[in-house]
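Listed here are the chains, written in short residue letters.
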Amino acid sequence: MADSSKKMQIVFASAECAPFVKTGGLGDVAGSLPAALVRAGAEVIVMVPKYATIKDEYKAQMEHFSDFYVSLGWRNEYCGLEKLEHDGVTYMFIDNERYFARDYPYGFFDDGERFAFFSKAITESLQHLPAGFECDILHCNDWQTALAPVFLREFYQGLPLYDRVKTVFSIHNVAFQGQFSDTVMEDILGVAHIPAAASQLRCDACSINYMLGALRYADAITTVSPTYASEIQTPEFGEGLDGVLRERSYALQGILNGIDVAGFDPATDKRIAANYTVEDRSGKAVCKAKLQEELGLEVRDDRPLMVMVTRLTRQKGMDLVMYALDRILAGGVQVAVLGTGDRDYEDGLRYFQDKYPGTMAARIEFDPALSQRMYAAADMFLMPSKFEPCGLSQIIAMRYGTLPIVRETGGLKDTVIPYNEFTGEGTGFSFTNFNGDEMGDAVFRAARLFWDNRDAWNQLVTQAMSQDFSWTRSADKYLDLYFFMHPEIERPVAVVDEPEAVAEPVAAEEPKAEEKPVEAEPVTAESEVKAEAAPEAESEVKPAAKPAAKKTTTRKATATKTTAVKKTTSRKRTTAAAKKAAEAEAAPEVKADAVEAKAAAKAPAKAATKKTTATAKKATAAKKTITTKSTTTKAATTKVATKPAAKVEETPAESKAKVTVEAKPAAKTTTRKRATTTAKKSTTKAAAPKAEAKVEDKTALKAKPEPKAAEVKSAAAKEEPKAEVKAKPEPAKKAPVSPVAATEEKAPTKKTSVRKATATRKRR
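Residues numbered from 1 in each chain as written. Predicted model: local features only at pLDDT ≥ 70, side-chain atom pairs only at ≥ 80, totals over all residues. Heavy atoms only, no water.

J.: For this particular structure, what's the right way to read the packing of aromatic side chains?
T.: The description of an aromatic ring pair uses the distance of the two centres, along with the angle that the planes make with each other. Applying the stated rule across the entire model yields 23 aromatic pairs. The interplanar angle of 20 degrees and the centroid separation of 5.7 Å between the aromatic rings of F151 and F155 together place this pair among those described as stacked. Of this pair, F151 and F155 both sit in helix α5 (residues 147-155), 4 residues apart, which is roughly one turn of the helix. In this structure an aromatic cluster arises from ring pairing among Y51, Y99, F100, F117 and F118. Over the aromatic face of F151 sits the side chain of K120, whose NZ or CZ is 5.3 Å from the ring centroid. One cation-aromatic arrangement involves K386 over F434; the distance from NZ or CZ to the ring centre is 4.6 Å. (Phe/Tyr/Trp six-rings, centres within 6.5 Å; stacked < 30°, edge-to-face > 60°. Helix = DSSP H or I, 4+ residues; strand = E, 2+ residues; numbered from the N terminus. Lys NZ or Arg CZ within 6 Å of the ring centre and 35° of its normal.)

J.: How should I be thinking about the pairing of strand β15 (residues 360-363) in this particular structure?
T.: In the case of a regular strand, side chains alternate between the two sheet surfaces. Bridge count between strand β14 (residues 334-338) and β15: 4 bridges; the pairing is parallel. Paired with A336 across the strands is A361, a residue of β15. As for the winding sense of the linkage, the β-α-β connection from β14 through helix α15 (residues 343-355) to β15 is right-handed. (Pairing = 2+ DSSP bridges. Right-handed = clockwise from strand over helix to strand, strands pointing away.)

J.: Would you take a moment to explain the sheet that holds strand β4 (residues 75-86) for this structure?
T.: Working definition: the strands of a sheet are paired by backbone hydrogen bonds and lie parallel or antiparallel to each other. Across the sheet, 9 strands lie side by side as β3-β4-β5-β2-β1-β6-β7-β11-β12; this open sheet has mixed pairing. Two strands close off the open sheet at either side, each with one partner strand: β3 (63-72) and β12 (252-254). Pairs of neighbouring strands in the sheet enclose a mean axial angle of 25 degrees, with direction left out of account. Pairing between strand β11 (residues 220-223) and β12: 3 bridges, direction parallel. Looking across to β12, one finds that T223 is bridged to G254. Its contacts with the sheet put helix α4 (residues 111-125) on β1 (9-13), β2 (43-49), β3, β4, β5 (89-95) and β6 (137-141), and the angle it makes with β3 is roughly 115 degrees. Contacts from helix α21 (residues 471-485) reach β1, β6, β7 (166-171), β11 and β12 within the one sheet, and its direction differs from that of β7 by about 150 degrees. (Axes fitted to C-alpha atoms, helices over the stretch in contact; angles between N-to-C directions. Contact = heavy atoms within 4.5 Å.)

J.: For this particular structure, what's the right way to read the pattern of salt bridges?
T.: Where charged atoms from two side chains of opposite charge come close, those side chains can pair. Under the counting rule described, the total for this entry stands at 27 salt bridges. For the salt bridge of R399 with D265, the shortest nitrogen-to-oxygen distance reads 3.8 Å. Taken together, the residues span a long stretch of sequence, with R399 in helix α17 (residues 393-399) and D265 in the loop between β12 and α13 (282-295) at a distance of 134 residues. According to the relative accessible area criterion, R399 is partly exposed, its value standing at 23%. As a salt-bridge pair, R300 and D302 come within 3.0 Å of each other at their nearest N and O atoms. Judged by relative accessible area, which is 35%, R300 ranks as partly exposed. Under the relative-accessibility criterion, D302 is labelled partly exposed at 36%. Taken together, the salt bridges that share partners define one network made up of R75, E77, R98, E113 and D187. (Salt bridge = Lys/Arg side-chain N within 4 Å of Asp/Glu carboxyl O. Buried < 20%, exposed > 50% of the residue type's maximum accessible area, 1.4 Å probe, protein only.)

J.: Is there a simple way to explain helix α16 (residues 368-377) in this structure?
T.: Note: α-helices contain 3.6 residues per turn, so residues at a spacing of three or four share the same orientation. Buried residues dominate α16, accounting for 7 of its 10 residues. Of the positions making up α16, those classed as buried are L370, S371, Q372, M374, Y375, A376 and A377. Measuring from the side-chain oxygen of the N-cap residue of α16 to the backbone nitrogen of A369 gives 3.2 Å; that N-cap residue is D367. (Polar contact = N/O pair within 3.5 Å; in protein donor to acceptor, adjacent residues only side chain to side chain.)

J.: Looking at this model, I keep getting lost on the packing of helix α14 (residues 318-330) against α15. Mind explaining?
T.: Contact pair α14 / α15: the axes reach a minimum separation of 11 Å and the direction vectors enclose 5 degrees. The orientation of α14 relative to α15 falls into the category roughly parallel. Note on element contacts: α15 touches α14 through Y345, G348, L349, F352 and K355, opposite M318, D319, M322, L325, D326 and L329. When the residues that make up the contact of α14 with α15 are grouped by side-chain class, the tally is 7 nonpolar, 1 polar and 3 charged. (Parallel < 35°, antiparallel > 145°, perpendicular 65-115°, else oblique. Nonpolar A, V, L, I, M, F, W, Y, C, P; charged D, E, K, R; others polar.)

J.: Before we go on, may I ask you to explain unusual backbone geometry in this structure?
T.: Trans is the common state for peptide bonds, and a negative phi is the common state for residues other than glycine. Here A18 and P19 are connected by a cis peptide whose omega angle stands at 5 degrees. Inspection of the secondary structure assignment puts P19 in the loop between β1 and α1 (25-39). Phi is positive for D142, which is not a glycine, with a value near 60 degrees.

Scope: geometric values only; no functional claims are made or implied.
Have a look at this one:
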């Protein structure tokens, strides 16, 4: 039974966390997601190393909470816990000056030892947390904390406090895995003597992989977008870990990141030239003019301004930019780039700035304030990444009404809806392949819309600014995962509303899917009844031949390729059910009417046989194969007979017993249609009076409770037999009968048909 009094208690471990220390997207996630989880009703403690680079104003607010020693191989290292409350979230800073009193978080020779200590300190500190806080979920991020699930299971398994802890590991960029020499296992980690740990950490003959250990030990794995979760299971994006990710795909899912919507709000942002909202975007034009003036570009509102705020690396698509930039600038699009990176790309951007003064601006620097002004002022934001786990720049750009142009990969594909010129939907523009020409085409698709259809452009901007990328949406999905791992904890009512709303449509769709086939059958039958009138009107000259041909081809169509697979299956079921019903009704009259039915069937057969002995043999073979659904009947049937068959293929109740009685006239009819015009006329005259008797006899077999319909029937009106056939299943249970009667009729019919065909040839 769920415990309604206990809250979900989460320890969130990260190597960086805004606003204290940040070098990339991980800092934004660690600074925003815990606060959203707290607002959703969970209790969260964030664990971060106490770097020397943290501002003194935050260090002054810290209070010493606890200290203990952590064993690390043969070492025994001091660990202090410094507590800080910030925006409703509790932060615990891991204090060890030997490892963390440095001027930058990463990039040192002993990073493997530093973050192995950090992971071990996290697991050890779970027993030194504030009173009443018992960790339910340990959420680790990237390789710096990847050893925490390994230590938890190998060194703390069986302790009451740790048995309830479930581990979640988030991959923010699978390219950074934490690979070190295997000597670390014995000297630092102390797991070389544990075969399970040693084998699962090793990635080759002489190296270990921290992230590989987390992927194998964690209870659940997440990434920062659904598409990236699929991509990293392939060799192209998996960076050597695709095999283990495929093995654990059942535990892997992608959850999109969000942004701080209050911090990135064009209506209140004080860092931009003028504020604006979705309804009133006049301030954005002011921002554009100010930025053009600041960067030395031509101050023109009729030219689209495209910006990039990025690291200048190949992963960010700079190869494509260098290839297509000449074409873009020559086409009249203004471009501004902010960032630092590889020297080749920096020099290339400076070259284009000199070549296109007033159109191109390159700022090779890191300037957060300028980046904010560029987000607000631009018309388009270019982000052609080779791979992108999630990406926040395109989300920030949409928040400020700047339409992103992205490559469809990772989080870019999940967050940007490509513009559809026919429906008007979309929030940006995209291209699929890592190709410079495709990127240039996407840029000019956006530029043409800006120039030629400003109303559609403005609508697209409105849709982009209206998207919800708040952390509340992401936090709900993380809580779904947490409560799935701890079902004994009751989820707060305020958070459960959204998942229930998502679940209801799924349940509602199931009955709809079942109702569709049921509704489709009567509609098809009615349309087929109407469609039969046209063939009948065209062939009034052959009243006796047409009904027989219709029913013969109806039986044949069950096995032919003219019917779809689904229709054939449903028709076969209907025919099988109709057979039992027809046999049940026809039982009292089968014996009495069998002779008359045979006589009625033989008469048109005599007049219809105009072929040679070989033709008669083919007709007899066709009659046999009709009931067994063979391909011989297909060859004997002409196109004229097949067309009605396609329309009548779902006649719901034509039993096999009736088809055997009518089989011979049907075969002869199809053969007779190949004869000359004179033969057709003589056949029509001879068959006309006897067709009525045959139709009446068939009516008696089909619908015993309705004798009046049998008197009114004629070859020119076939809708009535169908109406009677539909009503047939109601009295079907009156007199069950074995199919012996139908079998007895077949043998004499076959022999008699052969003798009559021979007699006809002799008379000729």
